Amino acid sequence: MAVSLPRPVSAIRLDGGRLAIDFANTIHDRFAVDVEDYIATPERYMQWARRSGAIAADETIDLSDLGGGGERLMADVRSLRDATYRLLSACIDEVPLPKGPLLVANQWLLGARQSQALDENGLLRLHADPVDFHLPLKRIALDLVDVLAGARAGIFKLKRCANRRSCGWIFADTSKNGRRRWCAMQTCGTASKTEARRNKR
Ligand SMILES: [Zn+2]
């Protein structure tokens, strides 16, 4: 069996339009049989967090202090990712937010709030402790609240990619006409159009 190398973190698409959505989209082709988890290791999770802005440029988190906590950390990552995906999905489907995912998100929100403090510029800042490997999760939980509020206020429309066969990605449609259908035109858009042409023939 051919073993393919994981795609570089720098090549992971960030098409959701918001941090929390991109986090939910760190599973490539969610509905595929073999899913590719973009952030399956602590190193990749940290690289992705840096790339997506879940760790700010002036923040340092030192993974060398993680010790044997990697498995536990990745369980936390998967748990919040699953909760984020399910909460965003419920918002898209316009149904009440499910209790289990809410519990998970609320736990991270509580952690986030405990790490927040007002700074000398009057800004509410998330304190970045160099050994706080959960900092990205806290920032994602805060962004999730914002995304749900934005969708509720009609600032953008939360949608699922029209490629229902495999993609499963979510995005914030901020287009003027609100008619964006795909996570990305150059991937799912093109693939769907090719398939539609093939079916026509
Ligand atoms: Zn897609």
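To be clear, the structure that these remarks concern was listed above.
A quick note: this is a predicted structure, and the numbers were derived from the prediction, not measured.

## Let's talk about the nonpolar core
Thinking step 1. Among the nonpolar cores identified, the biggest contains 52 residues, and Phe23, Tyr45, Trp48, Leu88, Leu137, Ile140 and Leu158 are the most heavily contacted of them.
Thinking step 2. Every element with two or more residues in this core is listed here: helix 1 (19-24), helix 2 (42-52), helix 3 (70-93), helix 4 (99-114), helix 5 (135-153) and strand 6 (170-173).
Thinking step 3. Here this core takes nine residues from helix 3, the largest share from any one element.
Thinking step 4. Look past the residues within four positions of Phe23 in its chain and what remains in contact with it is Ile39, Trp48, Val77, Leu80, Arg81, Thr84, Leu137 and Ile140.

## Focus on a positive patch on the surface
Thinking step 1. A contiguous patch of positive charge on the surface is contributed by Arg181, Lys193, Arg197, Arg198 and Arg201.
Thinking step 2. Within the secondary structure layout, Arg181 lies in the loop between strand 6 and helix 6 (185-200).
Thinking step 3. Taking the relative accessible area as the measure of exposure, Arg181 reaches 48% and is therefore partly exposed.

## Description of the coordination of the zinc ion
Thinking step 1. Protein-derived coordination of the zinc ion comes from Cys161 (SG), Cys167 (SG), Cys183 (SG) and Cys188 (SG), at a distance range of 2.3 to 2.4 Å.
Thinking step 2. Taken in sequence order, the residues that donate to the zinc ion follow the motif C-x5-C-x15-C-x4-C.
Thinking step 3. Cys161 sits in the buried class, given a relative accessible area of 1%.

## Quick word on the environment of Glu71
Thinking step 1. Examined against the element boundaries, Glu71 turns out to sit in helix 3.
Thinking step 2. Of the residues examined, Glu71 reaches a relative accessible area of 60% and is grouped as exposed.
Thinking step 3. With 30 residues separating them in the primary sequence, Glu71 and Thr41 have C-alpha atoms 8.7 Å apart.

## Focus on the side chain of Ser52
Thinking step 1. You can see Ser52 is positioned in helix 2.
Thinking step 2. Of note is the side chain of Ser52, whose polar atom sits 3.3 Å from the backbone oxygen of Ala49.
Thinking step 3. In contact with Ser52, other than residues within four places in its own chain, are Leu14 and Leu19.

## Description of the packing of aromatic side chains
Thinking step 1. For the structure on display, the rule yields two aromatic pairs.
Thinking step 2. Centre to centre, the rings of Tyr38 and Trp169 are 6.4 Å apart; their planes meet at 85°, and the pair counts as edge-to-face. In this pair, Tyr38 sits in the loop between strand 2 (36-37) and helix 2 while Trp169 sits in the loop between strand 5 (157-160) and strand 6, placing the two residues 131 residues apart along the sequence. Take Tyr38 and Trp169: they sit in the same class, and that class is buried.
Thinking step 3. Here the guanidinium or amino end of Arg30 rests over the ring plane of Tyr85, the centre of that ring lying 3.6 Å away.

Conventions used here
- The residue numbering used here restarts from 1 in each chain and proceeds along that chain's sequence as written.
- Reporting in this predicted model follows two pLDDT cut-offs: at least 70 for local features of residues, and 80 or more for side-chain atom pairs to be given and counted; totals over whole chains, interfaces and linings ignore these cut-offs and use all residues.
- Just so you know, side-chain values use all the structure's heavy atoms and leave hydrogens and water out.
- Residues grouped as a nonpolar core are buried Ala, Val, Leu, Ile, Met, Phe, Trp, Tyr and Cys residues, joined through side-chain atoms within 4.5 Å.
- Throughout this description, buried means an accessible area under 20% of the type-specific maximum (1.4 Å probe, protein chains only), exposed means over 50%, and partly exposed covers the range between.
- Runs of H or I in DSSP of at least four residues are treated as helices and runs of E of at least two as strands, each being numbered from the N terminus.
- Contacts are assigned to residue pairs that have any heavy atoms within 4.5 Å of one another.
- In this scheme, patches are assembled from residues that exceed 30% relative accessible area and form no salt bridge. Like charges are connected within 9 Å, while nonpolar side chains (Val, Leu, Ile, Met, Phe, Trp, Tyr) are connected within 5 Å.
- Note on areas: these come from Shrake-Rupley sampling with a 1.4 Å probe, and a residue is covered only by the protein chains present in the view.
- We define a salt bridge as a contact between a side-chain nitrogen of Lys or Arg and a carboxyl oxygen of Asp or Glu at a distance within 4 Å.
- In this tally, Lys and Arg are treated as positive and Asp and Glu as negative; His is ignored, and so are the chain termini.
- Charged groups are reduced to one reference atom each: NZ for lysine, CZ for arginine, CG for aspartic acid, CD for glutamic acid.
- Only nitrogen, oxygen and sulfur atoms count as donors, using a 2.8 Å cut-off from the metal that widens to 3.2 Å for Na, K and Ca. Water is left out, so coordination shells may look unfilled.
- Throughout this description, a polar contact denotes any pair of N or O atoms lying within 3.5 Å of each other; where both atoms belong to protein, one of them has to be capable of donating a hydrogen while the other can accept it, and for residues adjacent in sequence the pair is counted only when both atoms sit in side chains.
- Aromatic contacts are taken between Phe, Tyr and Trp rings whose centres are within 6.5 Å, Trp giving its six-membered ring; a plane angle under 30 degrees counts as stacked, one over 60 as edge-to-face, and the others as tilted.
- Note on geometry: a ring has a charge over it if NZ (lysine) or CZ (arginine) is within 6 Å of the ring centre and within 35 degrees of the ring normal.

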